[in-house]
Amino acid sequence: MFRYLARRHDRKHILRSVQRQRRIAQRSIGFGYDTSLAFANEADDQYASGGELAFRMLSEGEQFFSPILPPEPLREEKNSVTFQSDITTADEENNTFECVVTDSGSKGHALVVFHHWYARNRYSAFAKFFAARGITVIEATLPYHFSRGSDDYSEEKFFNANLGRTVRSMRQAVLDGRKIVRWLYSQGYYKISVVGMCLGGTVAGLIASQEEKVDKAVLMVSPMSPADLVWTAETMKSLRGRIEPVISLEDLRSAWGRINLEMHTWGLTRPHLDMMFVLGKNDTIARPEATDRVIETLTKCNRSPEVLRLNCGHSSVGIFPYNIIAARKVLRFLMEAPTLAELWDVRGFRYDFSEV
């Protein structure tokens, strides 16, 4: 029965996503290289002139995601903190980002949460649940989402058919996330974890691979390769249709190599970083094959991650009983084993990927 309900839930959200794509078809960003956009704010843009987006050495990847500005907030309020983004874009709203803070009252453990693409709501139930158990939760804002967007379709600028623009947005998200982590470290938190959902999980993984101050990372139904996401996800047919006539999947993988988590697996093998992956066995969006390759590599390097394979799809990871199972495992991974009463408290939390 649960598998039937999960399939029906996933089909409903896939249909909703396809309908949204039809509504915004005239506003969709068309194919373009625009490689220079990917190197915005870099002192040395030697690769931009050559049209090369993929990095050839590990050091290039590290340099690409190196922080530019110090982790100093523009303003701090009781339940939020606002930063200047390291990347400056033509959209003024996108150049600063707000983090929603749910304070636990303890400096012991902080958890930075990265939402999914086209998110319409924060994960308030999730934040309150962890804060009540001594973990301060900081909800990041991905580029062009929430207050960083100028209209209802601004999120299209985050992930689209323009190769350089997409790389820049993902890079901006990673630099923003590293700034949050470094600020938390300066505030005295001795353990810092990151968790991300779908493309937010890709961002969280890239941050974990680059930022040594991250202790634990949880990637939930997250694509390892954005190129493969475009090519295989049921909800990405429209986006693939704007890219495929111009370049192949292999070329797209190369162009987006800098934001492909498979290319940063070495960073995930570093000491003192613990990884957890949550996968849906029937996920037709963030298909688990690429994640399995990363898991295999980590295991071969004696850095075996925690892996939870749920008998559901993508959006259905957020409905009963899969959300309870995931909550139990994630809580056990981040902290001490939860009680049944604690698990019952998290029942109202849903991972709503309706717009993915």
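Note that the coordinates shown come from a computational prediction; the quantities given were computed from them, not determined experimentally.

> Just checking my understanding: could you explain the packing of aromatic side chains for this structure?
We describe a pair of aromatic rings using the distance from one ring centre to the other and the angle between the two ring planes. Counted by the stated rule, this structure contains 11 aromatic pairs. Centre to centre, the rings of Phe2 and Phe320 are 5.9 Å apart; their planes meet at 75°, and the pair counts as edge-to-face. Placement of Phe2 in helix 1 (residues 2-23) and of Phe320 in the loop between strand 9 (306-310) and helix 12 (322-334) is noted, with a sequence separation of 318 residues between them. Among the residues examined, Phe2 registers a relative accessible area of 35% and is labelled partly exposed. Judged by relative accessible area, Phe320 falls into the exposed class, the value being 53%. On the numbers, 4.7 Å between centres and 45° between planes, the contact of Phe126 with Phe130 is tilted.

> Hey, could you run me through helix 6 (residues 199-210) in this one?
Residues separated by three or four positions in an α-helix point in the same direction, a consequence of the helix having 3.6 residues per turn. Helix length check: helix 6, at 12 residues, gives a terminal C-alpha distance of 17 Å against a target of 16 Å (1.5 Å per residue), a fit within 8%. Extensive coverage of helix 6 is indicated by the burial of 12 of its 12 residues. Regarding helix 6, the residues found buried are Leu199, Gly200, Gly201, Thr202, Val203, Ala204, Gly205, Leu206, Ile207, Ala208, Ser209 and Gln210.

> I'm lost on the sheet that holds strand 1 (residues 75-77) in this one. Help?
Each strand in a sheet pairs with another by means of backbone hydrogen bonds, the pair being arranged parallel or else antiparallel. With mixed pairing, nine strands are arranged side by side in an open sheet as 1-2-3-5-4-6-7-8-9. If you trace the sheet from one side to the other, it starts and ends with strand 1 and strand 9, each paired once. Averaged over all adjacent pairs, the angle separating strand axes in this sheet is 15°, with direction ignored. One ladder, built from five bridges, connects strand 6 (residues 191-197) with strand 7 (residues 216-220); its direction is parallel. Counted as the bridge partner of Met197 is Met220 from strand 7. On top of the sheet, helix 11 (residues 288-300) reaches strand 8 (274-280) and strand 9; it is set at about 155° to strand 8, its chief contact.

> Would you mind showing me how to read the pattern of salt bridges here?
Here the idea is simple: oppositely charged side chains can pair when their charged atoms come close. In total, this model carries 16 salt bridges according to the counting rule given. The salt bridge involving Asp86 is made with Lys179; its shortest N-O contact spans 2.6 Å. Of this pair, Asp86 sits in the loop between strand 2 (80-84) and strand 3 (96-102) while Lys179 sits in helix 5 (residues 163-186), placing them 93 residues apart in sequence. Here Asp86 matches Lys179 in class, with each residue buried. Note that Arg293 and Glu262 form a salt bridge whose closest N and O atoms lie 2.8 Å from each other. One end of the pair, Arg293, is in helix 11; the other, Glu262, is in the loop between helix 9 (249-255) and helix 10 (265-268), with 31 residues separating them in the sequence.

> Is there a simple way to think about the nonpolar core in this case?
Grouped burial of nonpolar side chains is what soluble globular proteins tend to show. One finds Phe158, Phe159 and Trp256 to be the most contacted residues of the largest nonpolar core, which totals 70 residues. For this core, the element with the most residues is helix 5, which contributes nine residues. Setting aside anything within four residues of it in sequence, one finds Phe158 in contact with Trp117, Leu142, Pro143, Tyr144, His145, Thr166, Ser169, Met170, Ala173, Leu199 and Val203. Listed in part, the 28 residues of the second largest apolar core include Ala6, Phe126, Ile135 and Leu331.

Conventions and cut-offs
Residues numbered from 1 in each chain as written. Predicted model: local features only at pLDDT ≥ 70, side-chain atom pairs only at ≥ 80, totals over all residues. Heavy atoms only, no water. Phe/Tyr/Trp six-rings, centres within 6.5 Å; stacked < 30°, edge-to-face > 60°. Helix = DSSP H or I, 4+ residues; strand = E, 2+ residues; numbered from the N terminus. Buried < 20%, exposed > 50% of the residue type's maximum accessible area, 1.4 Å probe, protein only. Expected span 1.5 Å × (residues − 1). Pairing = 2+ DSSP bridges. Axes fitted to C-alpha atoms, helices over the stretch in contact; angles between N-to-C directions. Contact = heavy atoms within 4.5 Å. Salt bridge = Lys/Arg side-chain N within 4 Å of Asp/Glu carboxyl O. Core = buried A, V, L, I, M, F, W, Y, C linked by side-chain atoms within 4.5 Å.

In short, the description is geometric, and any link to function would need to be established separately.
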